[in-house]
Amino acid sequence: MKFNAMPPMKRFRDMEQLSGGEKTVAALALLFAIHSYHPAPFFVMDEVDAALDNINLLKVCNYIQQRSKSDCQCIVISLKDMFYERSNTLVGICKDVGTNSSRTITLDLTQYDKKPEDQKTTKKRGRRAVSEGGPPSKRASIVASPTPTITTQ
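Quantities reported herein were computed from a predicted structural model and do not represent experimental measurements. (Residues numbered from 1 in each chain as written. Predicted model: local features only at pLDDT ≥ 70, side-chain atom pairs only at ≥ 80, totals over all residues. Heavy atoms only, no water.)

1. Here's the deal with the nonpolar core
- One finds Leu28, Phe32, Met45, Leu57, Val60, Ile64 and Phe83 to be the most contacted residues of the largest nonpolar core, which totals 13 residues.
- Put simply, the parts of the chain that give this core at least two residues each are helix H1 (20-37), strand S3 (42-46), helix H2 (54-70) and helix H3 (81-85).
- Sequence-distant contacts of Val60, defined by excluding residues within four places in its chain, comprise Leu28, Leu52 and Phe83. (Core = buried A, V, L, I, M, F, W, Y, C linked by side-chain atoms within 4.5 Å. Buried < 20%, exposed > 50% of the residue type's maximum accessible area, 1.4 Å probe, protein only. Helix = DSSP H or I, 4+ residues; strand = E, 2+ residues; numbered from the N terminus. Contact = heavy atoms within 4.5 Å.)

This is the structure we're talking about:
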């Protein structure tokens, strides 16, 4: 199958001539066009955001969030905070040293209220200070009620 795309403000091109982010957006457009024709119950997307800049990442996040409310479920594996902030549930997988097996930790984010704009700015400043001191796995923080519900399996 030969696939061509025309990114905004650029001319018609073959996929080989597009940047990584343009290829990602074109591939997702094809995937969701096929989904419109022949729906699937869910998608598993593994780091589809790796080559995207923040503007296109926000567009993809909003599109997936919009589609997830109406006609499909999406499982997105990502390392970027923007997907975490817009998700309904976070699932973490870690090694249980005692039993030498994997465990899952699930956090339902739907029970927490969205923060007003002025508090989001404060939260981002706090996260930026933490992120400079450690790896991304240590950055995740959730500002919520004092008793979050975490499910482990």
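Further notes follow.
2. Some points on the confidence of the model for the protein chain
- Averaged over all residues, the pLDDT of the protein chain equals 75, while 75% of them reach at least 70.
- Segment residues 120-148: pLDDT under 50, and 18 contacts once partners within four positions in sequence are set aside and those in other chains are kept. (pLDDT = per-residue confidence, 0-100.)

3. A closer look at the pattern of salt bridges
- Here the structure, examined in full by the defined rule, presents 2 salt bridges.
- Note that Arg86 and Glu85 form a salt bridge whose closest N and O atoms lie 3.8 Å from each other.
- Of the charged contacts in the structure, one is a salt bridge between Asp96 and Arg103, with a shortest N-O distance of 3.7 Å.
- Among the residues examined, Arg103 registers a relative accessible area of 32% and is labelled partly exposed. (Salt bridge = Lys/Arg side-chain N within 4 Å of Asp/Glu carboxyl O.)

4. A closer look at H2
- Taking 1.5 Å of rise per residue, the 17 residues of H2 would be expected to cover 24 Å, and the 25 Å separating its terminal C-alpha atoms lies within 8% of that figure.
- Inspection of H2 places Leu57, Val60, Cys61, Ile64 and Arg67 among the buried residues, and these make up the whole buried set. One side of H2 holds all its buried residues, which, seen down the axis, span an arc of 140 degrees. For H2, the exposed residues lying more than 90 degrees away from the buried face are Ile55, Lys59, Gln66, Lys69 and Ser70.
- For H2, the secondary structure elements touched by its buried residues are H1, S3, strand S4 (73-77) and H3. (Expected span 1.5 Å × (residues − 1). Arc of directions from axis to C-beta.)

5. What about the side chain of Asp49?
- Its location among the elements puts Asp49 in the loop between S3 and H2.
- Lys80 provides the closest opposite charge to the buried, salt-bridge-free Asp49, at an N-O distance of 5.4 Å.
- At 2.4 Å, the side chain of Asp49 forms a polar contact with the side chain of Ser78.
- Setting aside residues no more than four positions away along its own chain, Asp49 makes contact with Leu57, Ser78, Leu79, Lys80 and Phe83. (Lys, Arg positive; Asp, Glu negative; His and termini not counted. Polar contact = N/O pair within 3.5 Å; in protein donor to acceptor, adjacent residues only side chain to side chain.)

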